[in-house]
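Next come the chains, spelled out residue by residue.
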Amino acid sequence: MCGIIGIASNKSVSSNIINSLKKLEYRGYDSAGLATLKNNVINEKKCSGRVEQLEKILFKTPAEGSLGIGHVRWATHGIPNEINAHPHSTEVVSVVHNGIIENSSDLKRSLENKGKKFKSQTDTEVITLLLAEELKNKKPLEAVQDTLVKLKGSFALGIIFKNFNNIIIGARRGSPLAVGYSKNENYIGSDSYALKSMTNKISYLEDGDVCILTKDSVEFYDSNKKKINKKVLILSEDKNIAQKGDYKNFMSKEIFEQPITAKNCINEYIDKSRDEINFYNFPLNPKTVNKVVLIGCGTAYHSCLVAKYWFEEFTSLSVETDIASEFRYRSIKFSKDCLYLFVSQSGETADTSAALDLCKKNKVKTCSIVNVVESSIARNADWVLPIHAGPEIGVASTKAFLGQMLLLYMLSIKLADLRNEIDKKEYQTKISDLKKLPNLLEKCLKSEEKIQFVAKDFLNSKGSMFLGRGFSFPIALEGALKLKELSYLHAEGYPAGEMKHGPLALIEDGLPVIVVAPNDKYFHKTLSNMQEVIARGGKILLITNNNDSVISENVRFTINLPSIEKSLSPFLSTIPLQLLAYHVALLKKCDIDKPRNLAKSVTVE
Ligand code: M6R
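Every chain's residues receive numbers from 1 upward, in the order its sequence appears when written. Owing to the predicted nature of the model, reporting of local features is limited to residues with pLDDT of at least 70; listing and counting of side-chain atom pairs is limited to 80 or more, with chain, interface and lining totals taken over all residues. Water and hydrogen atoms play no part in the side-chain values, which are based on all heavy atoms of the structure.

> Any details on helix 17 (residues 472-487)? Residues and values, ideally.
Only DSSP runs of H or I covering at least 4 residues are called helices, and only runs of E covering at least 2 are called strands; the numbering of each starts at the N terminus. Given the number of residues in a helix, its expected span is that number minus one, multiplied by 1.5 Å. Between its first and last C-alpha, helix 17 extends 22 Å over 16 residues, near the 22 Å set by a 1.5 Å rise per residue. Accessibility here uses a 1.4 Å probe with only protein chains present; expressed as a share of the type maximum, an area under 20% marks a residue as buried, one over 50% as exposed, and anything in between as partly exposed. Counted residue by residue, helix 17 has 14 buried out of 16 residues, so it is predominantly covered. A positive phi of about 60° marks Tyr488, the residue just after helix 17.

> So, the packing of aromatic side chains: which residues are in play, and what are the values?
Given two aromatic rings, their pairing is described by the distance between the two centres and the angle made by the two planes. Paired rings are identified among Phe, Tyr and Trp, the last through its six-membered ring, by centres lying within 6.5 Å, and are further divided according to the angle between planes into stacked (under 30 degrees), edge-to-face (over 60) and tilted (the rest). Taken as a whole and assessed by the stated rule, the structure comprises 14 aromatic pairs. Plain terms: the ring middles of Tyr269 and Phe279 are 5.2 Å apart, the flat faces sit at 65° to each other, and that makes the pair edge-to-face. On the criterion of sequence distance, the pair formed by Tyr269 in helix 8 (residues 258-269) and Phe279 in the loop between strand 17 (276-277) and strand 18 (291-296) is long-range, its members being ten residues apart. Of the two residues, Tyr269 and Phe279, neither departs from the other in class, the shared state being buried. Geometrically, the ring pair formed by Trp310 and Phe571 is stacked, given 5.6 Å between the ring centres and 15° between the ring planes. In this pair, Trp310 sits in helix 9 (residues 298-314) while Phe571 sits in helix 19 (residues 569-587), placing the two residues 261 residues apart along the sequence. Summarising the burial analysis for this pair, Trp310 and Phe571 share the class buried.

> Explain the sheet that holds strand 21 (residues 365-370) to me, using residue names and the numbers behind them.
Should DSSP find at least two bridges between two strands, the strands are taken to pair. The parallel open sheet is built from five strands, whose spatial order is 19-18-20-21-22. Two strands lie at the open edges of the sheet, namely strand 19 (318-323) and strand 22 (383-386), each paired on one side alone. Taken pair by pair, the neighbouring strands of this sheet meet at an average axis angle of 20°, ignoring direction. Examined bridge by bridge, strand 18 and strand 20 (residues 338-344) share five bridges and lie parallel to one another. Bridge assignment links Val293 to a residue of strand 20, and that residue is Tyr340. Pairs of residues are marked as contacts when any of their non-hydrogen atoms sit within 4.5 Å. In this analysis an axis means a line fitted to C-alpha atoms, helices contributing only their contacting stretch, and an angle means the value between N-to-C directions, from 0 to 180 degrees. Relative to strand 19, helix 9 is tilted by about 170°, and along the sheet it contacts strand 18, strand 19 and strand 20.

Following this line, the structure appears as structure tokens:
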């Protein structure tokens with residue numbers, strides 16, 4: 001994963017590098033570093049831990065220079081320590097890298113055979129040493145181009161050179177890299193968000209591209225070493241600059257702004273005067289498409305699972321869901337009459353991006369549902385549906401999940417309408433019901449106090465189980481994922497009906513079991529499964545909007561949610577589960593916005 005930044009300027013760059021690295025920390029935060037260049041001396045500073053730590057080091061020993069590169073790391077090769085932190089430098093060159101060099105062991109062996117010594121355990125250091133070799137008799141651009149052909153795997157690179165005081169070279173294969181332009185200053189960065197405070201003029205490198213920048217110029221070359229031109233995009237003003245405000249952390253802000261997220265998304269797509277959903281430019285004829293395949297990772301994949309139930313219920317389409325890392329390596333039988341839908345908050349997830357590329361190679365139609373509209377996945381799909389959730393900073397995805405589900409729900413009913421598979425009146429009732437969602441979400445957030453109370457039950461338990469049926473099964477999976485990633489406690493999500501086929505053996509006295517049972521066609525079945533758990537000692541937290549008090553007997557705690565049209569229940573049930581994970585993590589004093597071992601944007605496979 002990792003985030004990289006590079007700045008060529010006419011003034012000192014280290015503080016802007018630090019500011020950009022803070023914005024890139026969502027990509028990795030186990031170590032940080034930078035290298036600046038002044039009077040042909042490379043000043044390298046690095047540390048394990050956060051950018052804050054690096055800032056403290058710079059405060060004591062500044063890094064001078066009007067040219068520099070910086071990095072935040074999510075460790076792939078070698079533990080997160082100072083030596084393995086980037087940049088990796090020799091006497092002549094300094095490199096920051098995002099991605100994985102798959103043939104690094106072979107390259108390392110052959111460099112060692114030539115007497116080269118490695119300082120770190122990283123794959124990146126092979127690039128530094130290869131470059132140092134090439135630079136003995138080549139200029140920087142040629143040395144970089146000739147080094148890149150030896151590398152297998154994925155990379156975005158930022159490179160500075162001791163003997164060339166005014167240039168930074170960037171390169172991309174697989175991992176994203178943007179270039180930013182300003183007066184007397186040019187930049188490279190892993191994303192436009194890191195550059196936004198310095199410029200709104202951006203270009204993106206494509207796979208195989210190399211760029212060479214000075215403070216006054218930027219040149220691009222393709223993989224055949226041919227000079228190319230790039231379109232300059234003007235980024236829209238970010239009305240939603242991510243600030244924590246009065247919240248303790250971004251995650252709580254993002255949970256609590258979900259009613260607004262829903263409102264914005266609904267306003268964006270629903271024409272309220274006609275109760276109509278405005279989706280235009282379908283890449284396939286909605287009447288002849290016969291299948292949708294929904295693909296994503298983690299939470300985004302869970303939104304696909306929920307959507308499967310919607311598409312199947314409202315349309316005659318056949319529906320498949322796939323985890324991107326599996327999809328990309330299977331022997332898929334691609335179909336021209338199928339719409340391949342890619343769901344990703346960041347739009348940069350390596351597996352999802354590779355799965356999309358595979359579809360493109362097979363010439364089938366693709367749609368992306370993303371939060372970051374400038375992302376690679378958005379740019380590469382035939383059709384883009386942005387969720388308009390605003391920047392999501394907390395590593396745990398919350399409001400983006402809601403936005404993804406909203407888009408998928410709207411798409412399912414819109415397709416049903418265009419295919420004449422839903423009665424017009426029913427379609428419009430569904431749209432009216434959808435408009436009530438922001439207020440109902442607001443009510444669900446009021447469950448926080450009760451959730452805070454139950455959160456204590458999880459502190460000393462061995463683990464927990466999350467159960468649901470129908471739409472509520474993926475919601476149970478999502479609840480378990482949130483708890484795991486935030487509180488580091490073991491949790492399992494299961495279809496309630498599957499318990500007796502094995503997992504029931506895990507139930508023992510006092511084990512917390514969260515049952516998601518909205519008032520839908522599965523309600524009574526789920527309740528029977530819940531009784532089987534109670535009979536074996538499970539301590540139940542029931543999440544329901546069937547407010548009949550009898551069902552709460554033998555239940556340790558019930559979270560009562562407002563009534564809602566049945567197919568919309570996943571939106572409401574999600575809220576208490578997010579709050580639960582949040583409060584357990586808070587009690588355990590975990591780092592809520594940056595859980596250990598994770599990163600917001602997973603740009604390695
Ligand atoms: O940016 P994406 O939506 O493609 O990310 C996919 C997953 O990495 C992401 O949803 C992850 O599972 C979250 N941290 C879960 O909260």
